Amino acid sequence: MKSITVLVADDDEEIGELVAIHLEKEGYKVIKAADGQEAVDAIEAQPVDLLILDIMMPKLDGYEVTQLVRERHNMPIIFLSAKTSDFNKVHGLVIGADDYMTKPFAPIELVARVNAQLRRFMKLNQLKPDQQASLEYGGLVISPEQRSVLLYDERIELTPKEFDILYLLASHPKKVYSVENIFQHVWGEAYFERDNTVMVHIRTLRKKLKEDARKSKWIKTVWGVGYTFNG
């Protein structure tokens, strides 16, 4: 069985070592990076299955690293940061992170989140070809094999979570998904009532699909229930 490699990028050497110790106990191979550029170089030099990323780092911050990684790679990204504001959390998720934990943190919880993200990622990437058919609705083409979206022949750049939400809804047009359902399908975890992560991703997804400009609604809100795809 292939060993799973986790890259831990944090300029605090003690935190990097603490995270590495707990992940290695779980059987993961761990690579450490002390700054953002070192993290990017490590990902280009070898296969990495999951990235744990601080935000405040020298050379490149965590946001910049995420944007560079998302241009060429598809892997779960977990932010581990001292920044605790809702703005930082939402911004991190919108630009492509899969999860966000704040410092100080419980190592056992971080390990649980790493396990959950890897299980979900591997499950999505083990789908059979007949389960990965491209979807076409008018000018919208969604291809799960390439994880690409075309809108009237224009490529729309989505984060992994935005793509997963769109593909989930578009795979079952007219079916109404609650926020809890979407979170459980896409994040693979239990939903917490006050978590607005799904709404933030839906809002950004609608902007990228240019719903306001075209006055068309691919994703409809069913008030008091959830969301549905208007295919």
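Since this is a predicted model, take the numbers as computed values, not measurements.

> What is the right way to read the packing of aromatic side chains from this model?
What the rule picks out here adds up to five aromatic pairs. An angle of 5 degrees between the planes, with centres 6.1 Å apart, marks the rings of Phe-163 and Tyr-167 as stacked. Here Tyr-167 and Phe-163 lie together in helix 6 (residues 160-171), a separation of four residues that amounts to about one turn. Of the residues examined, Phe-163 reaches a relative accessible area of 4% and is grouped as buried. Since its relative accessible area comes to 16%, Tyr-167 is described here as buried. Centre to centre, the rings of Trp-218 and Phe-229 are 6.0 Å apart; their planes meet at 15 degrees, and the pair counts as stacked. Of the two residues, Trp-218 sits in the loop between helix 9 (211-214) and strand 10 (219-222) while Phe-229 sits in strand 11 (residues 226-229), which places them 11 residues apart along the sequence.

> What's the story with the nonpolar core in this structure? I'm lost.
The nonpolar side chains of a soluble globular protein tend to be buried, and buried together. Core analysis: the biggest nonpolar cluster contains 29 residues, and Ile-142, Leu-166, Ile-182 and Ile-219 have the highest contact counts within it. If you list the elements that add at least two residues to this core, you get strand 6 (135-137), strand 7 (140-143), strand 8 (148-151), helix 6, helix 7 (179-187), helix 8 (197-208) and strand 11. Broken down by element, this core gets its largest block of residues, seven residues, from helix 6. Ignoring sequence-local partners within four residues, the contact set of Ile-219 consists of Leu-166, Leu-169, Ile-202, Leu-205, Arg-206, Leu-209, Glu-211, Tyr-227 and Thr-228. Counting 23 residues, the second largest nonpolar core, distinct from the first, contains Ala-33, Val-65, Ile-77 and Phe-79.

> Can you walk me through the sheet that holds strand 8 in this structure?
Within a sheet, neighbouring strands are paired by backbone hydrogen bonds and run either parallel or antiparallel to one another. The four strands lie next to each other as 6-7-8-9, forming an open sheet whose pairing is antiparallel. Each having just a single partner strand, strand 6 and strand 9 (154-156) make up the two edges of the open sheet. Each strand of the sheet is rotated relative to its neighbour by a mean of 20 degrees, with strand direction disregarded. Here strand 7 pairs with strand 8 via four bridges, running antiparallel. Of the residues in strand 8, the one forming a bridge with Val-141 is Leu-150. Contacts between helix 6 and the sheet are confined to strand 6, strand 7 and strand 8, with strand 7 contributing the most and set at about 110 degrees to the helix.

> Just to check I follow, could you spell out the side chain of Asn-88 for this structure?
On the secondary structure map, Asn-88 appears in helix 4 (residues 86-94). The buried category is assigned to Asn-88, whose relative accessible area is 11%. Engagement of the side chain of Asn-88 in a polar contact is seen with the side chain of Tyr-63, the distance being 3.1 Å. Apart from residues lying up to four places away in sequence, Asn-88 is in contact with Tyr-63, Lys-83 and Tyr-100.

> Would you take a moment to explain the pattern of salt bridges for this structure?
Side chains bearing opposite charge may pair, as long as their charged atoms lie close to each other. Applying the stated criterion across every chain, the model contains 14 salt bridges. Notably, a salt bridge pairs Arg-155 with Glu-157, separated by 3.1 Å at the nearest N-O pair. Judged by its relative accessible area of 53%, Glu-157 is exposed. Three or more residues joined by partner-sharing salt bridges are found here, namely Asp-10, Asp-54 and Lys-103.

Rules and cut-offs
- Residues numbered from 1 in each chain as written.
- Predicted model: local features only at pLDDT ≥ 70, side-chain atom pairs only at ≥ 80, totals over all residues.
- Heavy atoms only, no water.
- Phe/Tyr/Trp six-rings, centres within 6.5 Å; stacked < 30°, edge-to-face > 60°.
- Helix = DSSP H or I, 4+ residues; strand = E, 2+ residues; numbered from the N terminus.
- Buried < 20%, exposed > 50% of the residue type's maximum accessible area, 1.4 Å probe, protein only.
- Core = buried A, V, L, I, M, F, W, Y, C linked by side-chain atoms within 4.5 Å.
- Contact = heavy atoms within 4.5 Å.
- Pairing = 2+ DSSP bridges.
- Axes fitted to C-alpha atoms, helices over the stretch in contact; angles between N-to-C directions.
- Polar contact = N/O pair within 3.5 Å; in protein donor to acceptor, adjacent residues only side chain to side chain.
- Salt bridge = Lys/Arg side-chain N within 4 Å of Asp/Glu carboxyl O.

Fair warning: the whole summary comes from geometry, so function is off the table for now.
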